[in-house]
Amino acid sequence: MDSGTERSNAVEGLRLIRAFLSLPPDKRAEVIAFVEGLARMQDRPEEGAEASPK
């Protein structure tokens, strides 16, 4: 990865953080719940796939 891409990713991350912090507390809670739901979905094995031991 080149430094231009890394810089672009950093700038985008800061924009997302600024947007998140500008939300009212109830909307922040909705965003957090949504992201937690996405994370839980990624942790689940796909239908028909066996879970791998951890």
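It should be noted that the structure appears before, not after, this text.
These lines cover the structure that appears in this document, whether it is placed above or below.

1. Focus on the overall build of the protein chain
Moving on, step 1. In terms of regular secondary structure, the protein chain is built from two helices and zero strands.
Moving on, step 2. Relative to its 54 residues, the protein chain shows a buried fraction of 2%.
Moving on, step 3. Summing over all exposed atoms, the protein chain offers an accessible surface of approximately 5200 Å²; the carbon and sulfur share of this is 57%.

2. With respect to the packing of aromatic side chains
Moving on, step 1. A full pass over the atoms with the stated rule returns zero aromatic pairs.
Moving on, step 2. Between arginine 28 and the ring centre of phenylalanine 20, over which it is positioned, the NZ or CZ distance is 5.9 Å.

3. Focus: the pattern of salt bridges
Opposite charge on two side chains lets them pair, provided their charged atoms get close.
Moving on, step 1. Tallied over the full model, the rule gives two salt bridges.
Moving on, step 2. Note that glutamate 12 is salt-bridged to arginine 15, the shortest N-O span being 3.7 Å. Linking glutamate 12 with arginine 15, this pair stays in helix 1 (residues 3–21), spanning three residues, or about one helical turn.
Moving on, step 3. According to the relative accessible area criterion, glutamate 12 is partly exposed, its value standing at 40%.

Reading the values: the criteria
- Position labels on residues start from 1 in each chain and follow its written sequence.
- It should be noted that, the model being predicted, local features are given only for residues of pLDDT at least 70 and side-chain atom pairs only at 80 or more, the latter also being counted only at that level, while totals for whole chains, interfaces and linings use all residues.
- No hydrogens and no water enter the side-chain calculation; it runs on all heavy atoms of the structure.
- The way it works is that DSSP assigns letters per residue, a run of H or I at least four long becomes a helix, a run of E at least two long becomes a strand, and they are numbered from the N terminus.
- Remark: exposure states derive from per-residue accessible area (1.4 Å probe, protein chains only) relative to the maximum for the residue type, with buried under 20%, exposed over 50%, and partly exposed in between.
- Residue exposure ignores everything except the shown protein chains as possible cover, and the areas themselves are Shrake-Rupley values with a 1.4 Å probe.
- Under the pairing criterion, centres of Phe, Tyr and Trp rings, with the six-membered ring standing for Trp, must be within 6.5 Å; the plane angle then separates stacked pairs below 30 degrees from edge-to-face pairs above 60, leaving the rest tilted.
- When the NZ atom of lysine or the CZ atom of arginine is within 6 Å of a ring's centre and also within 35 degrees of its normal, the charge is said to sit over that ring.
- Salt bridges are defined by distance alone: a side-chain nitrogen of Lys or Arg within 4 Å of a carboxyl oxygen of Asp or Glu.

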